[in-house]
Amino acid sequence: MDMTIATSRVHSEENSSLEVLNPYESNKLLNEYLLFHYGTAEEVLPHAQGPKEALDYPVRCVRECLDVASIPAGGRALDLGCAVGRATFELARHCVEVLGIDYSHRFVAAAEHIRREGGMAYERVDEGNLTTPLSAQRPAGVDGGRLRFEQGDAMALRRDLGRFEVVLMANLIDRLQHPGRCLERLPDLVQPNGVLVITSPYTWLEAFTSQSEWLGGFQVEGRSQNTLEGLRSRLEPAFTLERTLELPFLIREHARKYQWSVAQASVWRRLG
Ligand SMILES: C[S@@+](CC[C@H](N)C(=O)[O-])C[C@H]1O[C@@H](n2cnc3c(N)ncnc32)[C@H](O)[C@@H]1O
């Protein structure tokens, strides 16, 4: 797929074969994620009721999970499964070099468009075919020269990425076919004393991950294993778990339908 976006607006068009194979290549999810990452409170949730604390999830993944003061000067960050890039921009406030990698060509092209052009037009679905035109704006005060976006596979990353002081994996782990393959690479990617943040609502689905590959959410010898235990058994002893926190988030489907989820964030320190 062409990595440049011909127009800045996301048009409704026939599903391409890529979209059928990967929902993250579809117009629907591109529009939803642009709103999820860049929408203002009023654009996402213009109702008097609703969980306002669940807004700005990509921003909170960085602000609430990282002790930004402890990131060394000159630090590098990796946002794995960056989607349309909002958390990548937020990481660039604290790190001089930030790489966002995502498997979706369209998401990466959108993130790069916002970085380069300063914004991107998209459509918010309100009801049926009724939509509102909106613009995803590059976050103010971020030096776009610090960021790069590239298409890549978190289960087969290129060997020459180098090491990072911060690695963020937000809502990625339960969308991978082989999550273990991604976790295996992490000790090599995170600098000694560096930080790894994994957030996820642990929505394990056979459509993305066959049950034999799930990290948790099943019984072993009559005992329930949750995903945090599965992460721990794969990440220790290269990493030690520092803390966990609860991160609610809200994805708007249309004016009267939202997905409200609560991710668990786990913050891990690379031992060296
Ligand atoms: C649920 S979304 C989360 C995106 C973003 N981190 C967030 O918190 O909004 C999952 C993302 O993982 C990406 N993804 C799925 N499989 C991937 C893979 N093998 N390698 C890299 N990214 C992948 C999808 O394209 C999508 O952008």
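Structural notes, computed from the coordinates.

So, how was this worked out
- Residues numbered from 1 in each chain as written.
- Predicted model: local features only at pLDDT ≥ 70, side-chain atom pairs only at ≥ 80, totals over all residues.
- Heavy atoms only, no water.
- Pairing = 2+ DSSP bridges.
- Helix = DSSP H or I, 4+ residues; strand = E, 2+ residues; numbered from the N terminus.
- Axes fitted to C-alpha atoms, helices over the stretch in contact; angles between N-to-C directions.
- Contact = heavy atoms within 4.5 Å.
- Buried < 20%, exposed > 50% of the residue type's maximum accessible area, 1.4 Å probe, protein only.
- Polar contact = N/O pair within 3.5 Å; in protein donor to acceptor, adjacent residues only side chain to side chain.
- Near = heavy atom within 4 Å.
- Areas by Shrake-Rupley, 256 points an atom, 1.4 Å probe, with all protein chains shown as cover.
- Phe/Tyr/Trp six-rings, centres within 6.5 Å; stacked < 30°, edge-to-face > 60°.
- Lys NZ or Arg CZ within 6 Å of the ring centre and 35° of its normal.

To continue, consider the sheet that holds strand 7 (residues 190–200). Sheet strands pair by backbone hydrogen bonding; their relative direction is either parallel or antiparallel. Strand order in this open sheet of seven strands is 5-2-1-6-7-11-10, and the pairing throughout is mixed. Two strands bound the open sheet, and with one partner strand each, they are strand 5 (147–151) and strand 10 (239–254). The mean inter-strand angle of the sheet, taken between neighbouring strand axes irrespective of direction, is 15 degrees. The sheet contact formed by strand 1 (residues 76–80) and strand 6 (residues 164–170) spans four bridges and is parallel. Looking at the pairing, L80 lines up with M169 of strand 6. Set on the sheet, helix 6 (residues 105–117) makes contact with strand 2 (97–102) and strand 5; between it and strand 5 the angle comes to about 160 degrees. Together, strand 7, strand 10 and strand 11 (257–270) form the strand contacts of helix 8 (residues 227–235), whose direction differs from that of strand 11 by roughly 30 degrees.

Now for the environment of E165. By secondary structure assignment, the location of E165 is in strand 6. E165 sits in the buried class, given a relative accessible area of 17%. Those residues within four positions of E165 in sequence are excluded, and the remaining contacts are P72, G75, R76, Q191, G194 and V195. Only 2.8 Å separates the side chain of E165 from the backbone nitrogen of R76, close enough to count as a polar contact.

Every one of the 20 residues lining the ligand counts as a neighbour, but H37, G81, D102, A154 and A170 are closest to it. For the ligand, a nitrogen atom lies 2.6 Å from a polar atom in the backbone of G81. Separating a nitrogen atom of the ligand from a backbone N or O atom of Y103 is a distance of 3.2 Å. Calculation on the ligand without its partners gives an accessible area of 600 Å², and the protein chains cover 94% of this total. A per-element tally of the shell around the ligand places helix 2 (residues 27–38) first, with three residues.

Bringing the side chain of H178 into the picture now. Structurally, H178 can be placed in the loop between strand 6 and helix 7 (179–189). Residues in contact with H178, not counting those within four places in the same chain, are M155 and E213.

Here the structure, examined in full by the defined rule, presents eleven aromatic pairs. Ring geometry for Y38 versus F89: centroids 6.4 Å apart, planes at 75 degrees, classification edge-to-face. Highlighted residues: Y38 in helix 2 and F89 in helix 5 (residues 86–91), separated in sequence by 51 residues. Given the relative accessible area of 0%, F89 is considered buried. Seen in terms of ring centroids, W204 and W214 are 6.4 Å apart; in terms of plane orientation they differ by 25 degrees. Their pairing is stacked. Residue W204 is located in the loop between strand 7 and strand 8 (218–220), and its partner W214 is located in the loop between strand 7 and strand 8; the two are separated by ten residues in the primary sequence. You can call W214 buried: its relative accessible area is 13%. Note that R175 overlies the ring of F208, its terminal NZ or CZ placed 4.2 Å from the centroid. Here the basic side chain of R270 rests over the ring of F239, its NZ or CZ set 5.8 Å away from the ring centre.

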